[in-house]
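Examination of the molecular architecture
Each chain is listed here by its residues.
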Amino acid sequence: TKNKHVWLHSATNKLLRSETKYLNEETGAELMPSDIQFCYTYGGKKAIFTKEECLQMRKLASPGLRLMGFKPRNRLKFYHNIKPSTFVYPNDKLIQGSSVAFAALHKKMLEMDRIAICRLQERENDQPIYVALVPQEEVLDTDQSQLEPPGFHMIYLPYADGIRNIAIPERAQEATEKQILKAKRMV
C-alpha cells in the first residue's frame, strides 16, 4: 500500500504535527468539544443536536435489504432505472434458508406479476436507497441446460426530485443541400 503523506517544515525538514482548535469568534477563547453544538434550521427554527445524536442519525438502519411492499409490474417505468441494475440470487452459505425463502417469494411474484419495493442500505453510514426487485424466470434450452438463471433484477429507483421533465424537440433540424455539399468537400 502507498504510505500516507508526511508534513515537513520547509526550512528545517523536521516533521510537523497538525492540530485543529476551534475558537469563539467574540472572545477568542478555545472551545471544548462539549461546547460545540450542531444545528439544522427547519421551519425557521434551529434544531440543536449533540455530536452523538448526529452519529445516531447517520445510522438510520442496519445494512441490508428490507422489503417494504409490492406493486404491479406495470407500475415500474423505463425512466425509473437510474443506474445499471444488479442481479440478486440467494446464498445459503452466508444466510441459512435464503434459498427456500427466495424460491417461495420468486414463484409467487412471477404468478402474481408483481415487483417488490425494498429499502437497501449497502454499508453502515450509507444513505438508504429504494430499489425494485423484478423477478426473472429461469430459461432452459431444448437440452434442459440453463440459459438464464432464476433471480431478481434489483433496479435502483430515483427519489421524486430525481425525475425531471426535459423538453426534447420533436424533430431535429436537418442539414440543407448546400450544407451537405460543403461537408462532402471538407471530408
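The model shown is predicted, which means the values in this text are computed figures rather than measured ones. (Residues numbered from 1 in each chain as written. Predicted model: local features only at pLDDT ≥ 70, side-chain atom pairs only at ≥ 80, totals over all residues. Heavy atoms only, no water.)

Our next topic: the environment of Pro63. For Pro63, the location among the structural elements is in the loop between α1 (51–58) and β3 (64–72). Placed 56 residues apart in sequence, Pro63 and Arg119 show a C-alpha to C-alpha distance of 9.9 Å. Filtering out sequence-adjacent residues up to four positions away, Pro63 remains in contact with Gln121, Glu122, Arg123 and Glu124. (Helix = DSSP H or I, 4+ residues; strand = E, 2+ residues; numbered from the N terminus. Contact = heavy atoms within 4.5 Å.)

On the surface, a cluster of nonpolar side chains totalling about 300 Å² of accessible area is made up of Val6, Leu8 and Leu15. Mapped onto the elements, Val6 comes out in the segment before β1 (38–42). The exposed category is assigned to Val6, whose relative accessible area is 52%. (Patch = residues over 30% accessible without salt bridge, like charges linked within 9 Å, V, L, I, M, F, W, Y side chains within 5 Å. Areas by Shrake-Rupley, 256 points an atom, 1.4 Å probe, with all protein chains shown as cover. Salt bridge = Lys/Arg side-chain N within 4 Å of Asp/Glu carboxyl O. Buried < 20%, exposed > 50% of the residue type's maximum accessible area, 1.4 Å probe, protein only.)

So, on to the pairing of strand β5 (residues 114–121). Buried residues dominate β5, accounting for seven of its eight residues. Pairing analysis gives eight bridges linking β3 to β5, with the strands arranged antiparallel. Residue pairing across strands places Gly64 opposite Gln121, the latter belonging to β5. Looking at chain direction, β5 and strand β6 (residues 129–136) are connected through five bridges and run antiparallel. Its bridge partner lying in β6, Ile117 is registered against Ala132. (Pairing = 2+ DSSP bridges.)

Tracing the backbone shows Gln136 in strand β6. On the accessibility criterion, Gln136 (15% relative accessible area) is buried. A distance of 2.5 Å separates a polar atom in the side chain of Gln136 from a polar atom in the side chain of His153. (Polar contact = N/O pair within 3.5 Å; in protein donor to acceptor, adjacent residues only side chain to side chain.)

Turning our eyes to something else, we now look at the confidence of the model for the protein chain. Summing up the model confidence of the protein chain, the mean pLDDT is 86 and the portion of residues at 70 or higher is 100%. Averaged pLDDT values over the elements of the protein chain bottom out at 80 in α1 and peak at 93 in β5. (pLDDT = per-residue confidence, 0-100.)

Core analysis: the biggest nonpolar cluster contains 10 residues, these being Phe102, Met109, Ala116, Cys118, Leu120, Val131, Leu133, Phe152, Met154 and Tyr156. Broken down by secondary-structure element, the contributors of at least two residues to this core are α2 (98–112), β5, β6 and β9 (151–156). For Cys118, the contacting residues outside a window of four places in its chain are Leu65, Arg66, Leu67, Met68, Ile129, Tyr130, Val131 and Leu133. Among the nonpolar cores identified, the runner-up in size contains six residues, and Ile115, Ile117, Val134 and Ile155 belong to it. (Core = buried A, V, L, I, M, F, W, Y, C linked by side-chain atoms within 4.5 Å.)

Backbone hydrogen bonds are what pair the strands of a sheet, in a parallel or an antiparallel way. Reading across the sheet, the five strands line up as β3-β5-β6-β9-β4 and stay open at both edges, with antiparallel pairing between neighbours. Lying at the two open borders of the sheet, with one neighbouring strand each, are β3 and β4 (86–88). The mean inter-strand angle of the sheet, taken between neighbouring strand axes irrespective of direction, is 35°. On the sheet, α2 packs against β3, β4, β5, β6 and β9 and is oriented at approximately 75° with respect to β9. (Axes fitted to C-alpha atoms, helices over the stretch in contact; angles between N-to-C directions.)

This part takes up the pairing of strand β2 (residues 45–49). Side chains on a regular strand alternate between the two faces of the sheet. The element β2 is barely covered by neighbouring structure, given that only zero of its five residues are classed as buried. Counting the residues in the hairpin turn of β1 and β2 gives two residues, including Gly43, whose phi is positive at 65°.

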